[in-house]
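# Per-entry structural report
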Amino acid sequence: MVNPSPDIDIIWDWMKQVEDPEIPVLNVLDLGIVRSIAWSPEQVLEISITPTYSGCPAMKTIETDIGEILEENGITRYQIKTVLAPAWTTDWMSEEGRLKLHQVGIAPPVGVSADKGLLMGKIRTVRCPICGSEDTSMISQFGSTACKALYRCENCLEPFDHFKCI
Amino acid sequence: MQKELFDYILRLADNSLIHGQRLAEWCGHGPVLEEDIALSNTALDFIGQATNLYKYAAELEGQDRDEDQIAFLRDADAYFNLILLEQPNGDYAFTMARQFLFTMWYYLVLEQLTNSKDSFLSGFAQKSIKEVKYHVIHSRDWILRMGDGTEESHQRIQSAFDSIWEYTPEMFEMDDLEKQMSEQGIGVDLLALRPTWRSQVEAVLQEATLTTPADAWGHSGGKRGRHSEHLGFILADMQYLQRAYPGAKW
């Protein structure tokens, strides 16, 4: 008899094929937005995903893409749920994900997310992903996508994106 | 109980939606490109938060309405947002003064809501507070920059605070619903937040060489559906498509 329900580990592995539509070098596992995968007692596959930002426009696409991968692999009974808690944090981003960001010229998140000092004007050092200098300055807290801020390197003078730490 | 919680969620949701909608009006009109992008991003955060809240409200109601129907098919007197948030954007100083006063308050509210006995609300707050932290940082920067900037920018941001101040008391108003929710450990004791809010706002205004206006008379009624004339125009703009073509989808 053919086992109709593939192993959970195999399904986790498929998720590597689902890209973030806004930063395609990252897959959904690098971002840490797939929170759980499980078979229900009725043999329905239940996947929980969590948004990076409340208004992230990529969520719908990611949900559709996950559905497509499942269907390509013969899974028709599945449910993709969006969960808000625990809230997504850049601390969940994989080491591999951080490295990939760095390689495409996006400075990965630095420090720990739960830092309240920022509220009253504390500034973090962000290293330039191109020349490695720490002499950088922020141009804007908000960049090309909700998850990024815009920086400039004072050493090599290149502007670059920084993946915000939340 | 469900009805009260539903109404309470709508207050939070309507704040987010109306604020997001107002900020979105800056899209394509920002003073510089970076600010245009910043405000569009911020608007998106608020509209996303509103969507999450309306979804939960729809679930509580259990009448087969979805988040879009709740947002697009309600008239002004069934909207429960703060009157502050429906005020026209004015110049950039006015938008930033409103953004700063509201997000400083909202941050404190969300901080309390992370401990809400309602598990959805506590999860929602943990998520949203991270976004609002960035909104506070962004608007605070602008208050300092404009206040301690040129004579013109100083005068504009000061007059923005002077004219907007009368909309702030409503943020701390505790009516029966707020009291009930707070007593049940679901909502927030807003009155208790006021001294913290006031001193934090004052500290930033002082650093920006600005004068914090004195507390006096304040507008009231938004939480019970009594609004300024501006809300109707926002809704007319926002709801046009769903009113003209009910049920239209992308």
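These figures come from a predicted structure and were not determined experimentally. (Residues numbered from 1 in each chain as written. Chains lettered and ligands numbered in written order. Predicted model: local features only at pLDDT ≥ 70, side-chain atom pairs only at ≥ 80, totals over all residues. Heavy atoms only, no water.)

### Focus: the overall build of chain B
Looking only at helices and strands, one finds ten helices and zero strands in chain B. Listed N to C, the secondary structure of chain B is α-α-α-α-α-α-α-α-α-α in terms of helices and strands. Residues counted as buried form 58% of the 250 residues belonging to chain B. Sequence-distant contacts, at least 24 apart, represent 79% of the contacts inside chain B between residues at least 6 apart. In the structure as shown, chain B presents an accessible area of about 10,600 Å², 53% of it carried by carbon and sulfur atoms. Within chain B, the 39 negative side-chain charges are centred at a point lying 3 Å from the centre of the 22 positive side-chain charges. (Helix = DSSP H or I, 4+ residues; strand = E, 2+ residues; numbered from the N terminus. Buried < 20%, exposed > 50% of the residue type's maximum accessible area, 1.4 Å probe, protein only. Contact = heavy atoms within 4.5 Å. Areas by Shrake-Rupley, 256 points an atom, 1.4 Å probe, with all protein chains shown as cover. Lys, Arg positive; Asp, Glu negative; His and termini not counted. Charge placed at Lys NZ, Arg CZ, Asp CG, Glu CD.)

### With respect to the overall build of chain A
A count of helical and extended segments in chain A gives four helices and seven strands. The helix and strand sequence of chain A, counted from the amino end, reads α-α-β-β-α-β-α-β-β-β-β. Put simply, chain A has 166 residues, and 49% of those count as buried. The contacts in chain A between residues at least 6 apart in sequence include a share of 52% that link residues at least 24 apart. Surface accessibility of chain A: about 8,200 Å² in total, with carbon and sulfur atoms responsible for 52%.

### Thoughts on the nonpolar core
Counting 82 residues, the largest nonpolar core has Trp105(B), Ile143(B) and Trp197(B) as the members making the most contacts within it. The leading source of residues in this core is helix α5 (residues 92-113) of chain B, at 16 residues. Not counting chain neighbours up to four residues away, the residues in contact with Trp105(B) comprise Asn15(B), Leu82(B), Met171(B), Phe172(B), Leu190(B) and Trp197(B). Within the second largest apolar cluster, 35 residues are counted, among which are Ile11(A), Ile33(A), Ile37(A) and Cys147(A). (Core = buried A, V, L, I, M, F, W, Y, C linked by side-chain atoms within 4.5 Å.)

### A look at the pairing of strand β3 (residues 78-82) of chain A
Direction of pairing for strand β2 (residues 45-49) of chain A relative to β3(A): parallel, over a ladder of five bridges. Considered in β3(A), the bridge of Glu46(A) is made with Gln79(A). (Pairing = 2+ DSSP bridges.)

### With respect to the state of the cysteines
All names here are of chain A. Per the stated rule, a full pass over the model turns up zero disulfides over all chains. Cys-56 provides the cysteine sulfur closest to Cys-147, a residue in no disulfide bond, and the two sulfurs are 6.9 Å apart. Among the residues examined, Cys-147 registers a relative accessible area of 8% and is labelled buried. Not engaged in a disulfide, the cysteine Cys-156 finds its nearest cysteine sulfur in Cys-153; these two sulfurs lie 3.7 Å apart. (Disulfide = S-S within 2.5 Å.)

### Some details on the pairing of strand β1 (residues 34-39) of chain A
Residues and elements named next belong to chain A. Pairing between β1 and β2: five bridges, direction antiparallel. In the strand pairing of β2, Val-34 is matched with Ile-49. In this structure, the hairpin formed by β1 and β2 is closed by a connection of five residues, where Gln-43 is found at a positive phi of approximately 65 degrees.

### Re the sheet that holds β2(A)
All names here are of chain A. With mixed pairing, the three strands of this open sheet are ordered in space as β1-β2-β3. Across the chains shown, the open sheet's two edge strands, defined by having one partner strand only, are β1 and β3. Strand-to-strand twist of the sheet, defined as the mean angle between neighbouring strand axes without regard to direction, takes the value 15 degrees. In the packing of helix α3 (residues 58-72) onto the sheet, contacts are made with β2 and β3, and the angle to β3 comes to roughly 160 degrees. (Axes fitted to C-alpha atoms, helices over the stretch in contact; angles between N-to-C directions.)

### Some details on unusual backbone geometry
Cis geometry marks the peptide bond from Ala85(A) to Pro86(A); its omega dihedral reads -10 degrees. Mapping Pro86(A) onto the fold places it in the loop between β3 and α4 (95-103). If you check the backbone angles, Leu157(A) has positive phi at about 65 degrees while not being a glycine. One can find Leu157(A) in the loop between β6 (148-153) and β7 (159-163). Note on Leu157(A): relative accessible area 59%, which makes it exposed. A positive phi angle, close to 60 degrees, is found at Thr209(B), a residue other than glycine. Within the element layout of this structure, Thr209(B) appears in the loop between α9 (190-207) and α10 (230-244).

### Topic: the pattern of salt bridges
For the coordinates displayed, the defined rule picks out 21 salt bridges over all chains. Two residues, Glu154(A) and Arg152(A), come together in a salt bridge whose shortest N-O distance is 3.7 Å. The exposure class of Arg152(A) is partly exposed, given its relative accessible area of 36%. A salt bridge links Glu207(B) to Arg140(B), with the shortest nitrogen-to-oxygen separation between them at 3.6 Å. Within this pair, whereas Glu207(B) is found in helix α9, its partner Arg140(B) is found in helix α6 (residues 119-147), the two being separated by 67 residues in sequence. (Salt bridge = Lys/Arg side-chain N within 4 Å of Asp/Glu carboxyl O.)

### Structural notes on the sheet that holds β6(A)
All names here are of chain A. Ordered by their spatial adjacency, four strands build an open sheet running β4-β7-β6-β5, and the pairing between neighbours is mixed. Taken across any chain shown, the strands that pair with only one partner, and hence form the sheet edges, are β4 (106-107) and β5 (136-140). Strand direction decides the pairing type here: β4 and β7, joined by two bridges, are parallel. Within the sheet, the bridge partner assigned to Ile-106 lies in β7 and is Asp-161.

Spatial relationships are all this shows, so hold off on functional conclusions.
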